[in-house]
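Listed below, chain by chain, are the residues.
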Amino acid sequence: LAKTTQPISMDSYEGQEVNITCSHNNIATNDYITWYQQFPSQGPRFIIQGYKTKVTNEVASLFIPADRKSSTLSLPRVSLSDTAVYYCLVGDMFSGGYNKLIFGAGTRLAVHP
Amino acid sequence: ETGVTQSPTHLIKTRGQQVTLRCSSQSGHNTVSWYQQALGQGPQFIFQYYREEENGRGNFPPRFSGLQFPNYSSELNVNALELDDSALYLCASSPSTGGEQYFGPGTRLTVT
């Protein structure tokens, strides 16, 4: 499974756009890129998943360049409630016939008033 | 639709004891995965159960074991507890072995 590197922490202010970049130089052809969000004392929550180019849903966008060696999670107009840890996961989630999520240390995003 | 629930919320055990954690999967989900999350780290995959059988396992010793019941709820059992077993234990259910996983709130285990 591809190793990921993301910033340990980031700070932002309410109303700003936040971009969190994840590096995954050894991504394999079958690998997908998935982002999860986790609040303190809660389980992770799926945000978005993509394979290439751009994916957008109601909460975020995911930008993936052509070489797929990195990806950027974009959170538009963050609020205080977006303060959380964000995990970038890369892998063929279904290898071996089961879905195993491999989490790194994540990025701690702090949104300030 | 009821989400994933876990019990108990918190638990304190002594080194060498045994513990059982419980998880009720989301309605319609037949697959349950367990994760261990130490403080300040990301969750680590323990194992997955599908239709009452272990369907994959991470790098955890045999003293970590599990069960899945006909209603797809699940238990995680840990024997001979060690101090390093102190962590948040997360259960996630999914509609299939490859489906999106929905996490419960976790059980905070403290081993003294």
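Residues numbered from 1 in each chain as written. Chains lettered and ligands numbered in written order. Predicted model: local features only at pLDDT ≥ 70, side-chain atom pairs only at ≥ 80, totals over all residues. Heavy atoms only, no water.

Draft legend 1. Examining the sheet that holds strand β5 (residues 53-56) of chain A more closely. All names here are of chain A. Here we have 4 strands laid out as an open sheet, ordered β2-β7-β6-β5, and antiparallel in their pairing. The sheet is open, and its two edges are formed by β2 (18-23) and β5, each paired on a single side. The sheet shows a mean angle of 15° between the axes of neighbouring strands, direction not considered. Where β5 lies against strand β6 (residues 61-64), 4 bridges are found, and the strand directions are antiparallel. Within the sheet, the bridge partner assigned to Val55 lies in β6 and is Leu62. (Pairing = 2+ DSSP bridges. Helix = DSSP H or I, 4+ residues; strand = E, 2+ residues; numbered from the N terminus. Axes fitted to C-alpha atoms, helices over the stretch in contact; angles between N-to-C directions.)

Draft legend 2. Representation of the state of the cysteines within the structure. Under the defined criterion, the tally for this structure stands at 2 disulfides over all chains. Across a sulfur-sulfur distance of 2.2 Å, Cys22(A) and Cys88(A) are joined as a disulfide pair. Measuring the twist about the S-S bond at about -80°, one finds the Cys22(A)-Cys88(A) disulfide to be left-handed. Of this pair, Cys22(A) sits in strand β2 while Cys88(A) sits in strand β8 (residues 84-91), and the two are 66 residues apart along the sequence. The two residues Cys22(A) and Cys88(A) agree in class, both being buried. In this model, Cys23(B) is linked to Cys91(B) through a disulfide, with the two sulfur atoms separated by 1.7 Å. For the disulfide bridge between Cys23(B) and Cys91(B), the dihedral angle about the S-S bond is near -55°, and by the sign convention the bridge is left-handed. Taken as a pair, Cys23(B) in strand β3 (residues 19-24) and Cys91(B) in strand β9 (residues 87-94) lie far apart in primary sequence, 68 residues in all. We note that Cys23(B), like Cys91(B), is buried. (Disulfide = S-S within 2.5 Å. Buried < 20%, exposed > 50% of the residue type's maximum accessible area, 1.4 Å probe, protein only.)

Draft legend 3. Spatial organisation of the packing of aromatic side chains. All names here are of chain A. A complete count under the given rule lists 11 aromatic pairs over all chains for this structure. An angle of 55° between the planes, with centres 5.3 Å apart, marks the rings of Tyr32 and Tyr51 as tilted. Placement of the pair is Tyr32 in strand β3 (residues 32-38) and Tyr51 in the loop between β4 (45-50) and β5, with a sequence separation of 19 residues. Residue classification places Tyr32 among the partly exposed positions, given a relative accessible area of 37%. With centroids separated by 5.7 Å and ring planes inclined at 65°, the aromatic side chains of Tyr36 and Phe103 adopt a geometry described as edge-to-face. (Phe/Tyr/Trp six-rings, centres within 6.5 Å; stacked < 30°, edge-to-face > 60°.)

Draft legend 4. Representation of the pairing of strand β6 (residues 53-57) of chain B in the model. Residues and elements named next belong to chain B. When strand β5 (residues 44-50) meets β6, the two strands line up antiparallel, connected through 4 bridges. Directly across from Phe47, in β6, lies its bridge partner Arg57. Between the end of β5 and the start of β6, which pair antiparallel, lie 2 residues, with Arg51 showing a positive phi angle near 50°.

Treat this as a map of the structure, not an account of what it does.
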